[in-house]
Amino acid sequence: MQAALLHEFGQLDTLSWEQSKDPVARRDEIVVEVITAEVNFPDLLVIEGKYQFKPPLPFSPGKGAVGRVCGIGSDVVEFAMGDIVIANVEYGAFAEKLAAPAAHCVKVPDGIPFDKAVAMGLVYHTAWLALKERAQLARDESVLVLGASGGVGLATIELAKALGAGKVIAAIRGDRGADIVKAAGADEIVDLAAANLKDHLREQIAGLTEGKGVDIVVDPLGGDATSAALRALAWCGRLIVVGFASGDLPSFHGGYLLVKNISVLGLQSSDYRNRRPEMARAAQCAIFDFYQQGIIDPPIGATLPLANFAHALSMVANGEIRGRIILEASRNDRS
Ligand SMILES: NC(=O)c1ccc[n+]([C@@H]2O[C@H](COP(=O)([O-])OP(=O)(O)OC[C@H]3O[C@@H](n4cnc5c(N)ncnc54)[C@H](OP(=O)(O)O)[C@@H]3O)[C@@H](O)[C@H]2O)c1
């Protein structure tokens, strides 16, 4: 098979598209012939060697693929040859085939296009876990989504509405991405580019929540936005630390936590996949179900051939595309 291979951690040009051995399924794995793969911000961190988990070199990056089962390990009973599945993996999706633990794969229901199916992988899991598991979102609670125009942000807006949140407020820079956050279902927009962000964000949020503050902040940004959002929380509010797309780690003023009974909770979505695979699979099924009911619809920003993974990754690095960036293998029919 052909695969994107990384031989040393570094920049995108350290990846090449080359011949590689076909993977073989271990007892608890299936081999998937890739039809579509999705490109994510954390792929860049993995390639640079800055991600919390470093795969053994050489390896193919890529955290999610949809494809056809073409190999089955001896212990696997729930999949048959030819099934169409989504594989949510730590790495390996930027290749014509990958071996994935069966526990991390879910059948894709008939009727879901492959690009939409693969787009409902990592960022939707992350949003689901942030809202349901970490924040314990209750019906009608308000949610402030930082980095709202990005992958995690858009998925969080959609799922917050789907899961019964009240007001969902999208935080973006100026009007960058205003159209797409509205299309995802945001009720209100606040500006992260304002001068004196700490005071400005609190005032904006107070104005939108009758002075109460927001119940939940989902934060894939870090840095100054986190400190400002902490001050915009309501009594017993929860802030979920998801990522640091701003490039800066957040810091937390203990006084705010104490005074308003605020909780700050971290999220590492792959841990849930490893430690609670059944829950992660049930979440994937529920996300597909929301799509089939017409409640969510992941926006696709660009589709490129699988071999053009480097260009796709550079699009993520430059933040030039809104919506998911999808890689397509040349054979992509269901038959
Ligand atoms: N914890 C987990 O399990 C998990 C899972 C997935 C992702 N993540 C992390 O979550 C973060 C976001 O991922 P993503 O897929 O959403 O990335 P993305 O699609 O590239 O989106 C990044 C977002 O951050 C915004 N942004 C970047 N720098 C900013 C700044 N200085 N101020 C304000 N906004 C800024 C961008 O806004 P513009 O559109 O204005 O540029 C964009 O909306 C990453 O750190 C990623 O590693 C964590």
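Residues numbered from 1 in each chain as written. Predicted model: local features only at pLDDT ≥ 70, side-chain atom pairs only at ≥ 80, totals over all residues. Heavy atoms only, no water.

Moving on, we come to the pattern of salt bridges. Tallied over the full model, the rule gives 16 salt bridges. A salt bridge links Glu48 to Lys50, with the shortest nitrogen-to-oxygen separation between them at 2.9 Å. Taking relative accessible area as the criterion, Glu48 reaches 30% and is therefore assigned partly exposed. Residue class for Lys50 comes out exposed when judged on its relative accessible area of 61%. Here Arg238 makes a salt bridge to Glu141, at a shortest N to O gap of 2.7 Å. Remark: Glu141 occurs in the loop between α3 (122-134) and β8 (143-145) and Arg238 occurs in strand β12 (residues 233-241); sequence separation between them is 97 residues. (Salt bridge = Lys/Arg side-chain N within 4 Å of Asp/Glu carboxyl O. Buried < 20%, exposed > 50% of the residue type's maximum accessible area, 1.4 Å probe, protein only. Helix = DSSP H or I, 4+ residues; strand = E, 2+ residues; numbered from the N terminus.)

For the rest of this paragraph, the subject is the site of the ligand. For the ligand, the set of nearby residues contains 23 residues, the closest of which are Gly151, Val242, Leu267, Ser269 and Arg322. Within the side chain of Arg173, an N or O atom sits 3.0 Å from an oxygen atom of the ligand. Here Phe244 contributes a backbone N or O atom positioned 3.1 Å from an oxygen atom of the ligand. The fraction of the free accessible surface of the ligand (930 Å²) that becomes covered by protein chains is 83%. Listing elements by their share of the shell around the ligand, those giving two or more residues are α1 (41-48), α3 and α4 (151-162). The element that contributes the greatest number of residues to the shell around the ligand is α1, accounting for three residues. Class assignment for the residues of the shell around the ligand results in eleven nonpolar, nine polar and three charged. Shared between two domains, the shell around the ligand holds at least three residues of each, these being domain 1 (2-120 + 298-328) and domain 2 (125-269). (Near = heavy atom within 4 Å. Polar contact = N/O pair within 3.5 Å; in protein donor to acceptor, adjacent residues only side chain to side chain. Areas by Shrake-Rupley, 256 points an atom, 1.4 Å probe, with all protein chains shown as cover. Nonpolar A, V, L, I, M, F, W, Y, C, P; charged D, E, K, R; others polar. Domains from an automatic or database assignment.)

Next up on the list: the side chain of Arg238. Look at Arg238 and you get buried, because its relative accessible area is 13%. There is a polar contact of 2.9 Å between the side chain of Arg238 and the backbone oxygen of Ala135. A polar atom in the side chain of Arg238 sits 3.5 Å from the backbone oxygen of Gln136. Ignoring any residue separated from it by four or fewer positions in sequence, one finds Arg238 in contact with Ala135, Gln136, Leu137, Glu141, Asp215, Ile216, Val217, Leu233, Ser263 and Leu265. (Contact = heavy atoms within 4.5 Å.)

This brings us to the side chain of Thr226. Counting through the fold element by element, Thr226 comes out in helix α7 (residues 223-231). A polar contact is formed between the side chain of Thr226 and the side chain of Asp219, at a distance of 2.5 Å. Setting aside anything within four residues of it in sequence, one finds Thr226 in contact with Leu146, Asp219, Leu239, Pro250 and Phe252.

Let us now look at the UniProt feature "domain: Enoyl reductase (ER)" (unreviewed entry) in the chain. When the UniProt feature table is mapped to this numbering, "domain: Enoyl reductase (ER)" (unreviewed entry) covers residues 10-327. For residues 10-327, helix accounts for 33% and strand for 25%, while the C-alpha atoms at its two ends are 22 Å apart. (UniProt positions renumbered as here; feature names shortened; annotations may be inferred.)

The next point concerns the domain arrangement of the chain. For the chain, the domain assignment lists domain 1 (2-120 + 298-328) and domain 2 (125-269). The straight-line distance from the C-alpha centre of domain 1 to that of domain 2 is 29 Å. Across the domain 1 to domain 2 interface the summed buried area is about 720 Å²; carbon plus sulfur atoms make up 49%. Where domain 1 packs against domain 2, one counts zero salt bridges. (Buried area = accessible area lost by both parts, 1.4 Å probe.)

With that out of the way, let us pick up α1. Taken residue by residue, α1 has Pro42, Asp43, Leu44, Val46 and Ile47 as its buried positions. At its buried positions, α1 is contacted by β1 (2-6), β2 (15-19), β3 (29-39), α3 and α11 (309-318). Two residues or fewer after α1 comes Gly49, characterised by a positive phi angle close to 75°.

Okay, the environment of Gly237 next. Tracing the backbone shows Gly237 in strand β12. If near-sequence neighbours (up to four positions away) are discounted, Gly237 is found in contact with Asp215, Asn261, Ile262 and Ser263.

Attention shifts here to the packing of α3 against helix α10 (residues 277-292). In helix packing, the relevant descriptors are the interaxial angle and the interaxial distance, both defined with respect to the helix axes. Between α3 and α10, the shortest axis-to-axis distance is 10 Å and the interhelical angle comes to 105°. Here α3 is positioned roughly perpendicular relative to α10, judged by the angle of their axes. Within the contact between the two elements, α3 uses Tyr124, His125, Trp128, Leu129 and Glu133 and α10 uses Met279, Ala280, Ala283, Gln284, Ala286, Ile287 and Phe290. (Axes fitted to C-alpha atoms, helices over the stretch in contact; angles between N-to-C directions. Parallel < 35°, antiparallel > 145°, perpendicular 65-115°, else oblique.)

Space inside the second largest pocket adds up to approximately 720 Å³. Looking at the second largest pocket, it is lined by 27 residues, and the ones nearest its centre are Pro23, Glu29, Tyr91, Gly92 and Ala99. Within the residue set of the lining of the second largest pocket, elements represented by two or more residues are β1, β6 (97-101) and α9 (269-275). With five residues, β6 is the largest single contributor of residues to the lining of the second largest pocket. Residue classes in the lining of the second largest pocket are distributed as 15 nonpolar, five polar and seven charged. (1 Å grid on protein atoms, 1.4 Å probe; cavity = no way out; pocket = protein on both sides within 12 Å on 5 of 7 lines; lining within 4 Å. Points joined across faces, edges and corners; volume = space filled by probe spheres on them.)

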